[in-house]
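Here's the letter readout for the chains.
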Amino acid sequence: MKPRTSKTLSFLAVILGFAFIAWGDRILPEPMKTVSFRTRTTIERFLLGMTPDWNPENPNERTEKAIEEELNRN
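Residues numbered from 1 in each chain as written. Predicted model: local features only at pLDDT ≥ 70, side-chain atom pairs only at ≥ 80, totals over all residues. Heavy atoms only, no water.

Participant: I'd love a proper account of the pattern of salt bridges, names of residues and values included.
Facilitator: Side-chain pairs of opposite charge can arise where the charged atoms are in close proximity. One pass over the full model with this rule turns up two salt bridges. Residues arginine 40 and aspartate 25 are paired through a salt bridge, measuring 2.9 Å at the closest nitrogen-oxygen approach. Here arginine 40 is found in helix H2 (residues 30-50), whereas its partner aspartate 25 is found in helix H1 (residues 6-27), with 15 residues between them in sequence. Look at arginine 40 and you get buried, because its relative accessible area is 18%. We classify aspartate 25 as buried; its relative accessible area is 19%. For arginine 73, the salt bridge is made with glutamate 70, and the minimal N-O distance between the two is 3.2 Å. Of this pair, arginine 73 and glutamate 70 both sit in helix H3 (residues 61-73), three residues apart, which is roughly one turn of that helix. Using a relative accessible area of 37% as the deciding quantity, one classes glutamate 70 as partly exposed. (Salt bridge = Lys/Arg side-chain N within 4 Å of Asp/Glu carboxyl O. Helix = DSSP H or I, 4+ residues; strand = E, 2+ residues; numbered from the N terminus. Buried < 20%, exposed > 50% of the residue type's maximum accessible area, 1.4 Å probe, protein only.)

Below, the structure written as structure tokens:
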């Protein structure tokens, strides 16, 4: 039987960590359920905080402004 290497154990730890974060609040008992939910929420907020706020430009803004100016002149 081959002894477990650190690479195998690291891979197993990553898989278990992912499962804990992804599904822990659905299947674990109460103290761990809350920890899993808070961990996932913290990671989501961190990742969303890394992205800038996206404010799409209105492609019709110039046309709407011209129409509004034309209506205000009459």
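Participant: Provide a residue-level description of H2, including the pertinent values.
Facilitator: The terminal C-alpha atoms of H2, which comprises 21 residues, lie 31 Å apart, in line with the 30 Å expected from a rise of 1.5 Å per residue. For H2, every residue scored as buried is listed here: Ser36, Arg40 and Thr41. The buried residues of H2 occupy an angular sector of 125° when projected down its axis, which confines them to one face. Exposed side of H2, more than 90 degrees from the buried face: Pro31, Arg38, Thr42, Arg45, Phe46, Gly49 and Met50 are the residues found there. Against the buried residues of H2 lie H1. (Expected span 1.5 Å × (residues − 1). Arc of directions from axis to C-beta. Contact = heavy atoms within 4.5 Å.)

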